[in-house]
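Report on the structure
Single-letter residue listing:
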Amino acid sequence: MSTGPFLVVNPKNYLYGKESLDLALASDQVAKDLGITIYFTCPHCDIRLIKENTKYITVTAQNMDPLRPGRGEGKILAEALKEAGAGAVFLNHAEHPKTLTDLYNTIKRAKEVGITSIACADSMDEARAVACLHPDIIIAEPTDLIGTGKTAPASYTTDVVKALHDIDPSVQPMTASGVHSAEDCYRIVSLGCDGTGATSGILKAPDPKKEVRLWAEAILKAYNERTGK
């Protein structure tokens, strides 16, 4: 996994097939040009399509299950995701929550096959609990702000970063709910997060491809200023 700054481009299921690939190709060019990690999520059916046509983004699955090869009709197998081209996976999103036990076991499976785990938490308490499971990235976002265009206050972001690093100094913290501009990205990373991202903030922009570049530039600028790189 990357340990530097990152952007999450998360079209959920608003885009699929050719439209998903189109935005992925634009994101791939941004990742190449700027040297920033971009996690690009897509429907499971599109993972191989996008992976085979891109080089620089990290193709990201929207969910995974903790089973091993064998039984498990309808479940999503880590090895199958890896072979299809997924380099990362979203877990415990507000639209697809997991029990703590299931989340723990799925994070373990992701580590076993070399897939970066991006685990979501909808409160400070849940973020602390998730940090104890040691995913690679934790998205700590108040669920009620998702899609609103309103971000959490600065104090929430700084508290999240401190709380997560107190438990696991290696985890990469992220807040994202309500992010809708490059200025939001710059502020969040300046406050200590390693990255951010969005769905509607990118897809509802007049030019989503341009928005990806602007957000990536803002994240990179804030990260370099904060770390002195």
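Presented here is a report on the structure given in the accompanying data block. (Residues numbered from 1 in each chain as written. Predicted model: local features only at pLDDT ≥ 70, side-chain atom pairs only at ≥ 80, totals over all residues. Heavy atoms only, no water.)

With respect to the overall build of the protein chain
Worth spelling out the cut-off: Counting from the N terminus, the helices are DSSP H or I runs at least four residues long and the strands are E runs at least two residues long. With the radius of gyration taken over C-alpha atoms, the globule rule is written as 2.2 Å times the number of residues to the power 0.38. In this scheme, a residue with accessible area under 20% of its type's maximum is buried, one over 50% is exposed, and one in between is partly exposed, where area comes from a 1.4 Å probe on protein chains only. Contacts are assigned to residue pairs with any non-hydrogen atoms lying within 4.5 Å of each other. For accessible areas, the Shrake-Rupley method is used with a probe of radius 1.4 Å. Any residue's cover is judged against the shown protein chains and nothing else.
Within the protein chain one finds nine helices and eight strands. Radius of gyration (C-alpha) of the protein chain: 16 Å, near the 17 Å computed for a compact globule of 229 residues. With respect to the principal axes defined by its C-alpha atoms, the protein chain has extents near 50 × 40 × 30 Å. Looking at the protein chain as a whole, 55% of its 229 residues qualify as buried. If you take every contact in the protein chain between residues at least 6 apart in sequence, the share linking residues at least 24 apart comes to 68%. A total accessible area of about 10400 Å² is found for the protein chain, and carbon and sulfur atoms account for 52% of it.

Brief notes about the pattern of salt bridges
Formally: For salt bridges, the criterion is a side-chain nitrogen of Lys or Arg within 4 Å of an Asp or Glu carboxyl oxygen.
Under the defined criterion, the tally for this structure stands at 14 salt bridges. The salt bridge partner of Arg213 is Asp33, with a shortest N-O separation of 2.9 Å. Residue Arg213 is located in helix 9 (residues 208-227), and its partner Asp33 is located in helix 1 (residues 17-34); the two are separated by 180 residues in the primary sequence. The class for Arg213 is partly exposed, based on a relative accessible area of 27%. Given the relative accessible area of 43%, Asp33 is considered partly exposed. With a closest N to O distance of 3.0 Å, Arg68 and Glu112 form a salt bridge. One end of the pair, Arg68, is in the loop between strand 3 (58-61) and helix 3 (78-84); the other, Glu112, is in helix 4 (residues 100-113), with 44 residues separating them in the sequence. Accessibility expressed as a relative area gives 49% for Arg68, which makes it partly exposed. Owing to a relative accessible area of 43%, Glu112 belongs among the partly exposed residues under this scheme.

Remarks on the packing of aromatic side chains
Short version of the rule: Here is the rule: rings of Phe, Tyr and Trp (six-membered ring for Trp) pair when centre to centre is within 6.5 Å. Planes less than 30 degrees apart are stacked, more than 60 are edge-to-face, and the remainder are tilted.
Inspection of every chain in the model, using the stated rule, returns one aromatic pair. Measuring from centroid to centroid gives 5.7 Å for Phe6 and Tyr39, while their planes differ by 75 degrees, and the two rings are edge-to-face. Residue Phe6 is located in strand 1 (residues 6-9), and its partner Tyr39 is located in strand 2 (residues 37-41); the two are separated by 33 residues in the primary sequence. For the residue pair Phe6 and Tyr39, the accessibility class agrees, reading buried in each case.

Some points on the layout of surface pockets
Any empty space left between atoms is shown by rolling a water-sized probe over those atoms. Note the following rule: Site definitions follow a grid-based scheme: protein atoms alone, a 1 Å grid, a 1.4 Å probe that fits but cannot get out for cavities, and for pockets an open set with protein on both sides within 12 Å along at least five of seven lines, plus lining residues having an atom within 4 Å of a point. Grid points are joined across faces, edges and corners, and a volume is the space filled by probe spheres set on the points. Think of it as three bins: nonpolar holds Ala, Val, Leu, Ile, Met, Phe, Trp, Tyr, Cys and Pro, charged holds Asp, Glu, Lys and Arg, and polar takes everything else, Gly as well.
Put simply, the second largest pocket is a space of about 220 Å³. Forming the boundary of the second largest pocket are Asn10, Lys12, Asn13, His44, Gln62, Asn63, Ile76, Phe90, His93, Glu95 and His96. A breakdown of the residues in the lining of the second largest pocket according to their chemical character gives two nonpolar, seven polar and two charged.

Let's talk about the pairing of strand 2
Strand residues, when the strand is regular, have side chains that alternate between the two faces of the sheet. Selection criterion: Strand pairing is assigned whenever DSSP identifies at least 2 bridges connecting the two strands. Consider the strands pointing away from the viewer: the crossover is right-handed when the path from the first strand over the helix to the second runs clockwise.
In terms of residue burial, strand 2 counts as a mostly covered element, since five of its five residues are buried. Two strands pair when backbone bridges link them, and strand 1 and strand 2 are joined in this way by four bridges, in the parallel orientation. The residue of strand 2 that forms the bridge with Phe6 is Thr37. Inspection of the sheet shows strand 2 paired to strand 3 by three bridges, in the parallel sense. For Thr41, the partnering residue across the bridge sits in strand 3 and is Thr60. For the crossover from strand 2 across helix 2 (residues 47-53) to strand 3, the handedness is right-handed.

As for helix 6 (residues 154-167)
Rule in force here: What a helix is expected to span follows from its residue count: subtract one and scale by 1.5 Å.
An ideal rise of 1.5 Å per residue puts 20 Å on 14 residues; helix 6 measures up with 21 Å between its terminal C-alpha atoms. Inspection of helix 6 places Tyr156, Thr157, Val160, Val161, Ala163 and Leu164 among the buried residues, and these make up the whole buried set.

A short note on helix 9
Taking 1.5 Å of rise per residue, the 20 residues of helix 9 would be expected to cover 28 Å, and the 28 Å separating its terminal C-alpha atoms lies within 8% of that figure. Listing the buried residues of helix 9 in full gives Glu211, Val212, Trp215, Ala216, Ala218, Ile219, Leu220, Ala222 and Tyr223. On its buried side, helix 9 packs onto strand 1, helix 1, strand 2, helix 7 (182-190), strand 8 (195-198) and helix 8 (200-203). Count one or two residues on from helix 9 and you reach Gly228, which has phi positive near 75 degrees.

Some words on the pairing of strand 3
A two-sided burial pattern is seen for strand 3, the buried positions comprising Thr58 and Thr60 on one face and Val59 and Ala61 on the other. The sheet contact formed by strand 3 and strand 4 (residues 88-91) spans two bridges and is parallel. If you follow Ala61 over to strand 4, its bridge partner there is Val89. Viewed along the sheet, the connection from strand 3 through helix 3 into strand 4 turns out right-handed.

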